[in-house]
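Structural description and commentary
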Amino acid sequence: MNQSVRTEHRIGMVGVGLMGHGIAKNILNAGYSLAFLDHPGNQPVDDLLAAGAVSCSSAREVAEKADVVLLCVTGSPQVEAVLFEPDGVLEGLAQGSIVVDCSTSLPSSTAKVAARVEEAGGHLVDAAMTRTPKEAEEGRLNLIVGASETLFEALRPLLESFAEVITHAGGVGSGHTLKLLHNYVSLGFSAVLAEATAASRRAGIDDHAFLEVLTKGGGGGVVLERLRPFIESGDASGFRFSVANAHKDLGYYHTMTDELNTTRGVAGAVAALYAGVEDQTMAVPELIRLLEEHAEV
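The shown structure was predicted, so the numbers you read here are calculated from the model rather than taken from an experiment.

Cut-off values and rules
Residues numbered from 1 in each chain as written. Predicted model: local features only at pLDDT ≥ 70, side-chain atom pairs only at ≥ 80, totals over all residues. Heavy atoms only, no water. Core = buried A, V, L, I, M, F, W, Y, C linked by side-chain atoms within 4.5 Å. Buried < 20%, exposed > 50% of the residue type's maximum accessible area, 1.4 Å probe, protein only. Helix = DSSP H or I, 4+ residues; strand = E, 2+ residues; numbered from the N terminus. Contact = heavy atoms within 4.5 Å. Salt bridge = Lys/Arg side-chain N within 4 Å of Asp/Glu carboxyl O.

Counting 36 residues, the largest nonpolar core has Leu-227, Tyr-274, Val-284 and Leu-287 as the members making the most contacts within it. Among the elements of the structure, helix H9 (174-202), helix H10 (207-216), helix H11 (222-233), helix H12 (243-260), helix H13 (265-275) and helix H14 (287-294) are those that each provide at least two residues to this core. Once residues lying within four places of it in the same chain are set aside, the contact partners of Val-284 are Leu-187, Ser-190, Phe-239, Phe-241, Ser-242, Val-243, Ala-246 and Tyr-274. Residues Leu-28, Phe-36, Leu-70 and Val-125 belong to the second largest nonpolar core, which totals 35 residues.

This next bit is on the pattern of salt bridges. Inspection of the entire model under this criterion finds 15 salt bridges. Measuring nitrogen to oxygen at the nearest pair gives 3.1 Å for the salt bridge that ties Lys-25 to Glu-137. Of the two residues, Lys-25 sits in helix H1 (residues 20-29) while Glu-137 sits in helix H7 (residues 133-138), which places them 112 residues apart along the sequence. Among the ionic pairs, Glu-164 bridges to Arg-140, the shortest N-O distance being 3.5 Å. Residue Glu-164 is located in strand S8 (residues 163-170), and its partner Arg-140 is located in the loop between H7 and strand S7 (141-146); the two are separated by 24 residues in the primary sequence. According to the relative accessible area criterion, Glu-164 is partly exposed, its value standing at 45%. One salt-bridge network, in which partners are shared between bridges, spans Arg-131, Lys-134, Glu-138, Arg-140 and Glu-164.

Take unusual backbone geometry next. Even without being glycine, Arg-131 reaches a positive phi, approximately 85°. Take Arg-131: its relative accessible area is 26%, and that puts it in the partly exposed class. Unusually for a residue other than glycine, Asn-261 sits at a positive phi of about 55°. Residue position: Asn-261 is located in the loop between H12 and H13.

Distances and angles like these do not, on their own, reveal function.
Quick look at the structure:
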């Protein structure tokens, strides 16, 4: 494999949504040029255009204006579509350019995508994100990167422009693998805490007492702190992750564990909870109210 990479880093982006907008803003703030795909799913982009970003009508055009193309889309089907469909990234990708998939994707799909990008003369890096849109806007995302050491070091300055903690997980695909493991644990904790909160309220326990006992005991941690504002005041704004996305990620985890031939008894129960929610657009913390009102979904 040819590991020669470019260093000037003209950046292209596909996916300027809740997470991608913050990434784009911080890339521009760091002095990089930026071209992005005009898409209905984007957040408002007036601030990006005012900062010098260029809007493109196709993913091919984005790739033509960049030597590093970041993908921040929903999942593997969208990644494959934006890369390989007519007028896609691969049609405009120059030799030696890098595609960085920041989406939550299925590792087996990532391996196939990487092979096709390599055949086209480019390189694929998976750089899955954790944290929320708030941290994305602040340039404080966590990234889990799957790449060769050469590519990882070449991209580090760019990644540091929008991420606070960057973990090199291993080769291509390892970033997406570790992201699915992370999301299963995070969403599993969220499901357990949502059920426990609903049971606590039905038992007449004061929310503050419930939170204090968990915080000082075995229930404390990042997930509880993300759910705390909703438990205290019904504020879900700090955990803007939809049940639909949770359902999707747990489906990917299901497929990955099938391919790895590993057990997932607990994961099946967690997935069933999210799959059973009628309104898939609701944010994960709102499971608490749903379970409190209906006991089960």
